[in-house]
Amino acid sequence: MPVEKNKLYEIEIVNLGEGGEGVGKVENFTVFVENVLPGEKVLVKISTVKKSYAVGKVEKILQESPQRVEPVCKKFFNCGGCQLQHLNYSAQLYFKKQKISDALQRIGKIFDAEIFDTLGMVEPFNYRNKMQFPVGFDKKFVCGCYAKNSHKIIDLDNCLIQREENNKILRAVKKVAEKFQLQPYDEKTGKGILRHICGRVGFGNDLMVVLVTATKNLPHEKNFVQELLKELPSISTIQQNIQPQKNNVILGAETKILHGKKNISDKMGDLQFNISARSFFQVNTQQTEILYRTALNFAELSGNETVFDVYCGTGTISLFVAQKAKKVFGIEIEKSAIDDARINARQNKIFNAEFIIGDALKIIPELYAKNIFADVVIVDPPRVGCDKKILETFAKMQPKKIIYVSCNPATLARDLSILKELNYFAKKIQPVDMFPFTSHVESVTQIIKN
């Protein structure tokens with residue numbers, strides 16, 4: 001090995017990795033270093049050595065990048081919530097475009113798709129409408145993000161990427177939980193009560209608080225709710241989600257309403273959406289509207305098309321597209337999401353969107369057998385991307401276009417490569433910065449039949 005553990009090496013950082021970490025080389029051997037930037041020369045102490053790479057910790061920055069800035073959050077270098085606060089915002093946008101380009105070339109062997117500049121935010125702070133912070137005990141009650149590469153909780157009262165209303169929820173619940181000495185859950189022993197504090201902010205500051213507990217019983221329930229409403233009277237709903245399993249899944253199957261209504265609502269454009277405790281709804285409402293409008297523009301609808309929206313979730317994209325299409329079929333395996341989608345369609349008086357529960361691999365052939373096929377397919381898969389069979393199923397229908405909304409450049413590149421073999425080619429890609437100061441990027445790709 002060209003590097004040894006606990007030894008110092010002078011390294012030039014040449015790129016940023018998947019998680020925003022710096023990437024350098026020692027005798028062509030890859031070394032990952034957190035909190036450094038491309039173009040910097042750094043003195044690094046090696047902490048981990050593997051067969052094909054090493055991990056090091058920066059001891060000193062010998063030559064600083066002109067794109068380095070002072071992080072606004074004082075907890076940035078310890079907290080795992082953000083990865084790029086030390087990089088100026090315009091450079092973050094460039095990195096995210098480059099991340100997609102690199103993945104397409106390296107994984108997908110795709111070199112001819114046009115990739116536009118990343119669409120960023122004018123004000124990139126306080127954008128998250130959803131908060132899910134773990135609770136713990138470290139000499140006192142703590143709640144916040146996990147530290148980088150660990151499950152140690154960094155205690156927060158004001159997260160700069162959360163909407164301010166979520167920060168108010170965080171402070172209020174912490175204060176009341178401490179007052180009633182509500183025991184934090186210990187993931188090692190499985191003992192304790194409160195696991196997570198969750199908050200959601202809807203349109204007009206419609207606020208939801210979800211207390212995730214390991215037990216069915218919430219001690220001092222009525223008094224807890226009363227005190228919480230005293231601290232923050234604008235809360236629309238307080239709910240208890242019960243998660244007794246000893247795992248890392250945040251929400252359990254059972255949710256009880258302790259105060260107020262079941263759902264809050266949010267708006268995108270002229271559309272209004274119901275959001276429950278378990279609903280999937282993009283965390284950056286402002287940028288989501290840009291993302292979906294881009295998908296709609298890429299679809300280039302005339303008003304006569306049938307559109308399949310696969311992995312449609314609660315129907316957000318479906319309802320956007322239904323305004324311009326003849327008919328939209330939303331397909332989703334999660335029943336609760338389809339229930340929400342149908343409610344959202346009725347509420348918005350959209351009657352040309354039909355939502356179907358089931359596996360797309362089964363549903364699409366069934367529709368095709370009824371002579372129902374898509375002119376345009378829109379797909380917004382989870383991070384793991386699409387199963388090869390689902391891509392082959394799309395191709396058999398021979399839609400004119402496939403619009404692929406992605407949250408993972410690596411699986412996007414893999415899937416575009418598969419589609420290329422099926423005679424569908426990526427024409428243009430629009431990155432959208434849904435998560436400023438993190439290493440994540442969303443994108444919309446227009447894929448056309450050759």
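Model, not experiment: these values are computed from the prediction.

**Some points on helix α8 (residues 388-397)**
Move 1: Residues Ile390, Leu391, Thr393, Phe394, Ala395 and Met397 constitute the buried set of α8.
Move 2: As for α8, its buried residues are in contact with β16 (306-310), α7 (360-369), β19 (376-379), β20 (401-406), α9 (409-421) and β21 (424-432).
Move 3: The opening residue of α8 is aspartate 387, an N-cap whose side-chain oxygen sits 2.7 Å from the backbone nitrogen of lysine 389.
Move 4: Just downstream of α8, glutamine 398 is the residue with a positive phi angle, here 55°.

**Re the pairing of strand β15 (residues 271-275)**
Move 1: Counting buried residues in β15 gives four out of five residues, a clear majority hidden from the surface.
Move 2: Bridging between strand β14 (residues 264-268) and β15 involves five bridges; their strand directions are antiparallel. Each residue of the ladder has a partner; that of isoleucine 264, found in β15, is isoleucine 275.
Move 3: Following β14, the chain reverses through two residues before pairing antiparallel with β15; glycine 269 in that reversal takes a positive phi of roughly 60°.

**Focus on the pairing of strand β3 (residues 29-33)**
Move 1: Most of β3 sits out of view: four of its five residues are buried.
Move 2: With five bridges joining them, strand β2 (residues 22-26) and β3 adopt antiparallel strand pairing. Across the sheet, the residue bridging to glycine 22 is valine 33, located in β3.
Move 3: If you look at the hairpin formed by β2 and β3, you'll find two residues sitting between the two strands, and glutamate 27 has a positive phi there, around 50°.
Move 4: Judged from the four bridges that link them, β3 and strand β5 (residues 53-63) form a sheet pairing that is parallel. Of the residues in β5, the one forming a bridge with valine 31 is alanine 54.

**Topic: the sheet that holds strand β17 (residues 327-332)**
Move 1: What the eight strands build is an open sheet, ordered β6-β21-β22-β20-β19-β16-β17-β18; its pairing is mixed. Each edge of the open sheet is held by one strand with a lone partner, namely β6 (114-115) and β18 (353-357).
Move 2: Contacts from α9 reach β20, β21 and β22 (442-449), with the element oriented near 165° to β20.

**A look at the state of the cysteines**
Move 1: Under the definition given, this model contains zero disulfides.
Move 2: Cysteine cysteine 79 shares no disulfide, and the gap to the nearest cysteine sulfur, in cysteine 145, comes to 3.9 Å.
Move 3: Considering cysteine sulfurs only, cysteine 198 is the nearest to cysteine 143, which forms no disulfide, with 8.8 Å between them.

**Quick notes on the packing of aromatic side chains**
Each aromatic ring pair is characterised by the separation of its centres together with the angle its planes make.
Move 1: Here the structure, examined in full by the defined rule, presents nine aromatic pairs.
Move 2: Consider the rings of phenylalanine 273 and phenylalanine 281, whose centres lie 5.8 Å apart with planes at 50°: the pair is tilted.
Move 3: Given a relative accessible area of 5%, phenylalanine 281 falls into the buried group.
Move 4: The structure contains a cluster of three or more aromatic residues connected by ring pairs, namely Tyr89, Phe125 and Phe437.
Move 5: Lying across the ring of tyrosine 185, arginine 195 places its NZ or CZ 4.2 Å from the centre.
Move 6: A cation over a ring is seen here: lysine 327 above phenylalanine 329, with NZ or CZ 5.3 Å from the ring centre.

**Examining the nonpolar core**
Move 1: Grouped together as the largest cluster of nonpolar side chains are 85 residues, with contacts concentrated most on Phe224, Leu228 and Val321.
Move 2: If we skip the residues at most four places from it in the chain, valine 321 touches Leu296, Leu301, Val307, Val328 and Ile378.
Move 3: Counting residues in each nonpolar core, the second largest holds 36 residues, with Leu104, Leu416, Tyr424 and Ile429 among its members.

**Brief notes about the packing of α7 against α8**
Move 1: The geometry of α7 relative to α8 is characterised by a closest axis approach of 10 Å and an angle of 15° between their N-to-C directions. In this view, α7 runs roughly parallel relative to α8, as classed from their interaxial angle. In this structure, α7 crosses over α8, and the sense of that crossing is left-handed. For the pair α7 and α8, contact is made by Ala360, Leu361, Ile364, Pro365 and Tyr368 and by Lys389, Ile390, Thr393, Phe394, Lys396 and Met397, respectively.

Analysis parameters
Residues numbered from 1 in each chain as written. Predicted model: local features only at pLDDT ≥ 70, side-chain atom pairs only at ≥ 80, totals over all residues. Heavy atoms only, no water. Buried < 20%, exposed > 50% of the residue type's maximum accessible area, 1.4 Å probe, protein only. Helix = DSSP H or I, 4+ residues; strand = E, 2+ residues; numbered from the N terminus. Contact = heavy atoms within 4.5 Å. Polar contact = N/O pair within 3.5 Å; in protein donor to acceptor, adjacent residues only side chain to side chain. Pairing = 2+ DSSP bridges. Axes fitted to C-alpha atoms, helices over the stretch in contact; angles between N-to-C directions. Disulfide = S-S within 2.5 Å. Phe/Tyr/Trp six-rings, centres within 6.5 Å; stacked < 30°, edge-to-face > 60°. Lys NZ or Arg CZ within 6 Å of the ring centre and 35° of its normal. Core = buried A, V, L, I, M, F, W, Y, C linked by side-chain atoms within 4.5 Å. Parallel < 35°, antiparallel > 145°, perpendicular 65-115°, else oblique. Left-handed = near helix turned anticlockwise from the far one by under 90°.

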